[in-house]
Structures are given as C-alpha cells and as structure tokens.
Amino acid sequence: MTVGGLDFLSVERAEAAGEFRLLARSSMEQRQRDAEAVFAERDGWLTAVSFPEETAHLASVGIADLSHLGKLEIRGASQPPLDPDVVWYQVHPERALCIFPPGRAAALQQGLVRGGAHVIDQSAGLAILALVGPHARALLRRLTDLDELPASGHAARVRADVLDRGSGVWIVFGQDYGHYLWEVAVDAAAPFGGGPIGLDVLEQEESAR
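As the structure is a prediction and not an experimental result, all values here were calculated from the model.

We now examine the packing of helix α5 (residues 136-143) against helix α6 (residues 178-189). If you want to describe how two helices pack, look at the angle between their axes and the distance between the axes. Orientation of α5 relative to α6, taken along the N-to-C sense of each, is 125°, at an axis distance of 10 Å. By the angle class used here, α5 and α6 are oblique. Along this stretch, α5 crosses α6, giving a crossing that reads as right-handed. Contact with α5, carried on its side by Leu139, Arg142 and Leu143, involves Val184, Ala185, Ala188 and Ala189 of α6 and no other residues of that element. The class makeup of the residues in the contact of α5 with α6 is six nonpolar, no polar and one charged.

The following block contains the structure:
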C-alpha cells in the first residue's frame with residue numbers, strides 16, 4: 001500500500017475540499033455544554049455565544065470564556081505595540097503578556113521579533129476567564145487574595161495573571177485548569193445571582209459603554 005492510498009486522512013485535503021473545519025476548543029467547553037450554552041465559530045475557535053438567563057447574570061456578575069483571544073508571551077525587554085486593541089501586561093522587566101483579537105498573531109509577532117524580543121505564541125496554551133458586572137470584584141475576592149491589579153499570583157489555587165479591565169477583570173491561566181476554574185468561578189458566583197454569559201451579550205455590553 002502506498003502513502004497516496006491514505007489521502008482521505010489528510011486534514012489539509014479535507015479542509016481544502018470543504019468537508020470539515022478544524023476548530024480550536026476551550027478546555028471549559030464541557031462545563032459550558034452542561035450549562036446549555038449555544039456555540040458558534042469565532043476566528044477558528046468554537047466559542048460559547050449565549051447561555052440561559054445570561055442577562056440576569058450580567059446584572060450581578062457574568063463569567064465569560066475569552067480563550068479565543070490571541071496570546072503571546074514576550075521574553076526580553078520590549079515596548080508595547082501602539083494599538084488600543086492590544087492588552088499588554090508587563091509581568092516583570094523581562095517578561096510580558098500580549099493579548100489581542102484573533103488573527104493578529106503573525107503581524108504582532110513579526111513586529112516584536114524585529115524589535116529584538118523572543119516571542120512564544122500561547123494562544124492555545126492559555127485560557128482567559130472574564131468577570132464582569134457590579135459584583136465582579138466581590139467574586140474575584142472569593143477566588144484570590146490579589147488586591148492591586150494587574151498582578152501575578154493564584155486564583156482558586158491555580159497560577160494566574162489577573163488584569164484590570166475597567167468594568168471587570170480577566171484571569172489568565174493555563175488551559176489545563178479551565179474545567180476546574182470555570183466550575184469554581186460559577187459556583188462562587190451563584191450567591192450573587194451571577195453565572196455564565198456568552199460572547200454575544202458581553203460584546204453588546206462593551207459596545208454600549
């Protein structure tokens with residue numbers, strides 16, 4: 001048997017023929033399915049775009065999965081890109097996190113490398129939980145003892161970076177802990193009347209500001 005006889009197993013050929021789309025998936029997907037999420041493709045990711053009762057959750061504290069965002073780890077001194085859509089967190093003088101809309105990785109990486117930085121694409125390796133709404137800070141205090149943001153430390157005993165996003169916070173952590181951290185955050189939000197929200201309602205809320 002020749003290798004050519006196995007062409008039907010080629011991902012590239014199947015995608016080119018329009019037979020299927022290879023989608024990235026969040027480690028929080030199963031818990032989101034348990035919560036009856038509706039999913040849609042966003043920039044190559046399968047994302048949760050809506051949940052039951054999410055409007056009520058947002059009025060207290062909403063929990064959203066932003067793992068589809070691009071993420072670069074920058075090693076070596078570097079200057080943040082002059083781009084309002086890019087979130088830059090200087091962990092310490094020789095390490096930074098760069099978070100940005102999907103599809104921008106190649107251009108950002110090229111610019112940073114030209115500036116002398118060592119860049120690692122962590123888009124698939126890191127997850128992001130967004131806490132938004134009036135009780136976002138109260139929920140954060142149940143998950144971590146970090147006070148001044150941005151900060152590096154632990155959230156629910158998971159190593160994380162916590163970023164201040166104005167009306168809420170982002171918790172950035174390893175994808176391996178997504179299932180666990182989603183469950184802990186949703187359970188901790190329940191006494192506030194909070195819970196999961198999808199990307200659609202989150203984006204509508206942000207565009208209304």
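Under the counting rule described, the total for this entry stands at one aromatic pair. Measuring from centroid to centroid gives 6.1 Å for Phe51 and Trp182, while their planes differ by 25°, and the two rings are stacked. Remark: Trp182 occurs in helix α6 and Phe51 occurs in the loop between β3 (45-50) and α3 (54-58); sequence separation between them is 131 residues. The aromatic ring of Phe39 is capped on one face by Arg33, whose charged end is 4.3 Å from the ring centroid. The aromatic ring of Trp170 is capped on one face by Arg165, whose charged end is 4.7 Å from the ring centroid.

We now examine the pattern of salt bridges. Applying the stated criterion to the full structure yields 11 salt bridges. Between Glu203 and Arg42 there is a salt bridge, and its shortest N-O distance comes to 3.0 Å. Of this pair, Glu203 sits in helix α7 (residues 199-208) while Arg42 sits in strand β2 (residues 38-42), and the two are 161 residues apart along the sequence. According to the relative accessible area criterion, Glu203 is partly exposed, its value standing at 37%. In the salt-bridge network here, residues are joined through shared partners; they are Arg25, Glu29 and Arg33.

Attention shifts here to the nonpolar core. Counting 31 residues, the largest nonpolar core has Ile63, Leu129, Leu131, Leu139, Ile171 and Phe173 as its most contacted members. If you list the elements that add at least two residues to this core, you get β3, β9 (126-132), α5, β10 (151-155), β11 (158-164), β12 (168-174) and α6. Tallying contributions element by element places α6 first for this core, with five residues. Each residue touching Ile171, except ones within four places of it in the same chain, is listed here: Ala127, Ile128, Leu129, Leu131, Leu140, Leu143, Ala155, Ala160, Asp161, Val162 and Leu181. One finds Val91, Ala130, Leu163 and Leu199 within the second-largest nonpolar core, a separate group that totals 20 residues.

Regarding α5, the residues found buried are Ala136, Ala138, Leu139, Leu140 and Leu143. Taken together, the buried residues of α5 touch β4 (62-65), β9, β10, β11, β12 and α6.

What follows is about the environment of Ser167. Within the secondary structure layout, Ser167 lies in the loop between β11 and β12. Taking the C-alpha atoms as reference points, Ser167 and His135, separated by 32 residues in sequence, lie 9.9 Å from one another.

Bringing the pairing of strand β7 (residues 95-100) into the picture now. Taken across its six residues, β7 has six buried, putting it largely inside the fold. Relative to β7, strand β5 (residues 70-75) runs antiparallel, the two sharing six bridges. Within β7, the residue paired with Ile74 across the bridge is Ala96. Strand direction decides the pairing type here: strand β6 (residues 87-92) and β7, joined by five bridges, are antiparallel.

Conventions and cut-offs
Residues numbered from 1 in each chain as written. Predicted model: local features only at pLDDT ≥ 70, side-chain atom pairs only at ≥ 80, totals over all residues. Heavy atoms only, no water. Axes fitted to C-alpha atoms, helices over the stretch in contact; angles between N-to-C directions. Helix = DSSP H or I, 4+ residues; strand = E, 2+ residues; numbered from the N terminus. Parallel < 35°, antiparallel > 145°, perpendicular 65-115°, else oblique. Left-handed = near helix turned anticlockwise from the far one by under 90°. Contact = heavy atoms within 4.5 Å. Nonpolar A, V, L, I, M, F, W, Y, C, P; charged D, E, K, R; others polar. Phe/Tyr/Trp six-rings, centres within 6.5 Å; stacked < 30°, edge-to-face > 60°. Lys NZ or Arg CZ within 6 Å of the ring centre and 35° of its normal. Salt bridge = Lys/Arg side-chain N within 4 Å of Asp/Glu carboxyl O. Buried < 20%, exposed > 50% of the residue type's maximum accessible area, 1.4 Å probe, protein only. Core = buried A, V, L, I, M, F, W, Y, C linked by side-chain atoms within 4.5 Å. Pairing = 2+ DSSP bridges.

Interpretation in functional terms is not warranted from these geometric data alone.
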